[in-house]
Amino acid sequence: MLTSGCVPASGKRVIQERIFSLLQSCNSETNIAQIHSQVVLNGLSHKNNIITKLLSFYTASGKLQHAHKLFNQIDNPNITVWNHMIRGYASSHTPWKSVQYYNQMVSTEFEPDGFTYSFLLSACVRGELVKEGEQVHATVLAKGYCSDVFVNTNLINFYANQGGVEQARRVFDDMTQRSVVSWNSILAGYVRCCDFDAARVFFDKMPQKNVVSWTTMIAGCAQNGQCKQALLLFDQMRRARVELDQVALVAALSACAELGDLKLGRWVHWYVKKRQKEPSVRLNNALMHMYASCGIIDEAYQMFTKMSRKTRVSWTIIIMAFAKQGLGKEALDLFKDMLSDGVENSGVRPDGTTFIGVLCACSHAGFVEEGRRIFDSMIHTWQISPRIEHYGCMVDLLSRAGCLDEAYELIETMPFKPNDAIWGALLGGCRIHKNSNLASRIANRLVAELDNNDQAAGYLVLLSNIYAFAERWKDVVAVRQKMIEMGVKKPPGQSWIQIYGVVHNFVVGDMTHKHSSLIYETLCEITEQARVEGYKPDITEVLLDIEG
């Protein structure tokens, strides 16, 4: 135990060295508080090496209030102390305070160094301080730091993060020395701007790629709908023998979920079990989502039950999974378990996305009263303002159940302009319950408001089908004639299936597939077998030939 009191000079040196040694090895907040108290008791608050080390710990651990108090006790802070404060606030929730410390530093006639400008630029990125960042750039040029790799890399990151990838590229091109971080910053800028062509060209030119380079490309493609490209890059990353990190694995699983690539998804699961001793919650969630999206609900649920820690996202994924499979009761039971778990373990509570899954489950299961109650509890119990997706779920629920007037009234009173999905749900309900009068009123209103023929196509086709169900053939002909006059064509529906890792797309009447003759021959055999078994197709929605 270190003590204060009347200690000879040699003894104070020993105490000072001992305290500094403890600071060097300290990794506990409790221990740092005890060491700090010993610094004060032994009168070492004026020792710069000790104070700087204490300050470094506080700023690195986010204890900025303690850092601020300690900083105010220093009579003549050196450049290292100033940089610690600027760096600490740069990664905090108040990055603009880094600018305040910088201005204070400059006012005391201290000369900033390259680290100062780099930390300051990081603060400008985090705080979206565009004007301040541009001023830093001007100062860097004036002070002659334009050859500093660290400063230039942070300049690139600053411009790339605010969408100025061209300016970032100019900084990059002017650099005489570049690090892999510099290359990655430009790459991230292209990906952030969704310029994947430029990103791929730049990626291919990189003299050195690290795991960040690969994951930037893979995650960027997966998050922006380029899932096939993401998986191609993931395969190249594997072949390059780059260690697959969590970001790459999660991105690959996301792409597998989107494409229904169960084979690769299972391989990723095998890799995770082999290489990851304790997979993160995020990785487990991605695996669960992949299985659910591929329709393997049992394995998704097994993943869920084995998770030692479940977040709101975990619960939402599994609730959504059961809802999409039409297992409404099971989804609602899970929702009740989630609420119970939240009460017991605190912190796990539903959000807007969770309620979309629950309301979707009610819709598919036909639980009208339950859906009304949950929608009401979302607003009044959980204080969640419904988004247009929630209204869409309720309209779908009510329309499927035949509560068409209530659904229409809900649309009229909601604080959003109805979108295609909402009107489509109501018109779908009109088709199911053969309410051609309401459908006609809605469709005519929509077509009159729309100036996009592609949007009108779906409504007109649906209205035509509703008239056909009601055997209002003159109205069917009138709608089809209007479609011809407007030049409206219904976009063809597509389906796809994965066989041995290859995804095959199909469009009605398409003959471009290399096995199309065999496919149609098999389809004819299936159709004939169905006819023999007594199947009669419903042709009420078949388009009329009104041109002949």
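Looking only at helices and strands, the protein features 29 helices and two strands. In the protein, buried positions account for 43% of the 548 residues. A total of about 30200 Å² of accessible surface is found on the protein, and carbon and sulfur atoms cover 51% of it.

Let us now look at the packing of helix α23 (residues 388-400) against helix α25 (residues 420-432). Running from amino to carboxyl end, α23 crosses α25 at an angle of 5°, the nearest separation of the two axes being 8 Å. Comparing their axes, α25 and α23 come out roughly parallel. Between α23 and α25, the residues in contact are Ile-388, Tyr-391, Gly-392, Val-395, Asp-396 and Ser-399 and Ile-422, Ala-425, Leu-426 and Gly-429, respectively. Grouping the constituent residues of the contact of α23 with α25 by class yields six nonpolar, three polar and one charged.

Between helix α17 (residues 281-293) and helix α19 (residues 312-324), the shortest axis-to-axis distance is 10 Å and the interhelical angle comes to 5°. One way to sum up the angle between α17 and α19 is to call them roughly parallel. Between α17 and α19, the contacting residues are Val-281, Asn-285, Met-288, His-289 and Ala-292 on the first element and Val-313, Ser-314, Ile-317, Ile-318 and Ala-321 on the second. Residues of the contact of α17 with α19, tallied by class, amount to seven nonpolar, three polar and no charged.

Spanning 13 residues, α19 covers 18 Å between terminal C-alpha atoms, matching the ideal 18 Å at 1.5 Å per step. Counting buried residues along α19, 10 of its 13 residues qualify, which places the element largely inside the surrounding structure. Along α19, the residues that are buried comprise Ser-314, Trp-315, Thr-316, Ile-317, Ile-318, Ile-319, Met-320, Ala-321, Phe-322 and Ala-323.

Under the defined criterion, the tally for this structure stands at 15 salt bridges. For Asp-235, the salt bridge goes to Arg-238, with nearest N and O atoms at 3.0 Å. Here the residue Asp-235 and the residue Arg-238 both occupy positions in helix α14 (residues 227-239), the gap between them amounting to three residues, near one helical turn. The partly exposed category is assigned to Asp-235, whose relative accessible area is 23%. Owing to a relative accessible area of 27%, Arg-238 belongs among the partly exposed residues under this scheme. Ionic pairing is found between Glu-243 and Arg-275, a salt bridge with its closest N-O pair at 3.5 Å. Separated by 32 residues along the polypeptide, Glu-243 in the loop between α14 and α15 (246-259) and Arg-275 in helix α16 (residues 262-275) bring together distant segments of the chain. What emerges from the salt-bridge pattern is a single network uniting Asp-235, Arg-238 and Arg-239.

A few words now on α15. Across its 14 residues, α15 extends 20 Å between first and last C-alpha, which sits within 8% of the 20 Å expected from 1.5 Å per residue. The element α15 is largely enclosed, with a buried count of 10 among its 14 residues. Ala-248, Leu-249, Val-250, Ala-251, Ala-252, Leu-253, Ala-255, Cys-256, Ala-257 and Leu-259 are the residues of α15 that are buried. Once α15 ends, the next one or two residues include Gly-260, with phi positive near 75°.

On to the nonpolar core. Within the largest apolar cluster, 149 residues are counted, with the highest numbers of intra-cluster contacts made by Phe-234, Ile-318 and Leu-426. With nine residues, the top contributor of residues to this core is α15. Residues within four places of Phe-234 in sequence aside, it is in contact with Ile-218, Leu-244, Ala-248, Leu-249, Ala-252, Leu-264, Trp-267 and Val-268.

Turning to its location among the elements, Ser-118 is positioned in helix α7 (residues 114-126). Among all residues touching Ser-118, those that are not within four sequence positions of it are Phe-150, Val-151 and Asn-154.

Moving on: the state of the cysteines. Evaluated as defined, the whole model comprises zero disulfides. Considering cysteine sulfurs only, Cys-193 is the nearest to Cys-194, which forms no disulfide, with 7.6 Å between them. Judged by its relative accessible area of 42%, Cys-194 is partly exposed.

We now examine the packing of aromatic side chains. Taken as a whole and judged by the stated rule, the model has 23 aromatic pairs. With centroids separated by 4.9 Å and ring planes inclined at 80°, the aromatic side chains of Phe-172 and Trp-183 adopt a geometry described as edge-to-face. One end of the pair, Phe-172, is in helix α10 (residues 165-174); the other, Trp-183, is in helix α11 (residues 180-192), and 11 residues separate them in sequence. Three or more aromatic residues link up through ring pairs in this structure, and these residues are Phe-71, Trp-82, Tyr-89 and Tyr-101.

Inspection of the secondary structure puts Thr-354 in helix α21 (residues 352-365). Exposure remark for Thr-354: the relative accessible area of 0% places this residue in the buried category.

Attention now goes to the environment of Leu-397. As for its position among the elements, Leu-397 is in helix α23. Judged by relative accessible area, which is 1%, Leu-397 ranks as buried. Measuring from C-alpha to C-alpha, the distance between Leu-397 and Ala-365 comes to 8.9 Å, with 32 residues separating the pair along the chain. In this structure, Leu-397 is in contact with Cys-362, Ser-363, Gly-366, Phe-367, Val-368 and Gly-371, ignoring residues within four places of it in sequence.

What follows concerns the environment of Ile-466. As for its placement among the helices and strands, Ile-466 is situated in helix α27 (residues 453-469). For Ile-466, a relative accessible area of 1% puts it in the buried group. Separated by 33 residues in the primary sequence, Ile-466 and His-433 place their C-alpha atoms 9.4 Å from one another.

In this section: unusual backbone geometry. Here the phi dihedral of Cys-194 falls at roughly 60°; this positive angle occurs in a residue that is not glycine. Relative to the elements of secondary structure, Cys-194 occurs in the loop between α11 and α12 (196-205). At Gln-383, a residue that is not glycine, the phi angle is positive and equals roughly 55°. Among the structural elements, Gln-383 can be located in the loop between α22 (368-380) and α23.

Our focus in this paragraph is the confidence of the model for the protein. Averaged over the protein, the pLDDT score is 82; the fraction of residues at 70 or greater is 82%. Across residues 1-7 the pLDDT falls below 50, and counting only partners more than four positions away or on other chains, this stretch makes 14 contacts in the model. In the predicted structure, residues 543-548 sits below a pLDDT of 50 and forms nine contacts with residues beyond four places in sequence or in another chain.

It is worth spelling out the environment of Ala-421 at this point. Tracing the sequence through the fold places Ala-421 in helix α25. The spacing of Ala-421 and Cys-393 is 28 residues in sequence and 9.4 Å in space, taken between C-alpha atoms.

Calculation criteria
Residues numbered from 1 in each chain as written. Predicted model: local features only at pLDDT ≥ 70, side-chain atom pairs only at ≥ 80, totals over all residues. Heavy atoms only, no water. Helix = DSSP H or I, 4+ residues; strand = E, 2+ residues; numbered from the N terminus. Buried < 20%, exposed > 50% of the residue type's maximum accessible area, 1.4 Å probe, protein only. Areas by Shrake-Rupley, 256 points an atom, 1.4 Å probe, with all protein chains shown as cover. Axes fitted to C-alpha atoms, helices over the stretch in contact; angles between N-to-C directions. Parallel < 35°, antiparallel > 145°, perpendicular 65-115°, else oblique. Contact = heavy atoms within 4.5 Å. Nonpolar A, V, L, I, M, F, W, Y, C, P; charged D, E, K, R; others polar. Expected span 1.5 Å × (residues − 1). Salt bridge = Lys/Arg side-chain N within 4 Å of Asp/Glu carboxyl O. Core = buried A, V, L, I, M, F, W, Y, C linked by side-chain atoms within 4.5 Å. Disulfide = S-S within 2.5 Å. Phe/Tyr/Trp six-rings, centres within 6.5 Å; stacked < 30°, edge-to-face > 60°. pLDDT = per-residue confidence, 0-100.

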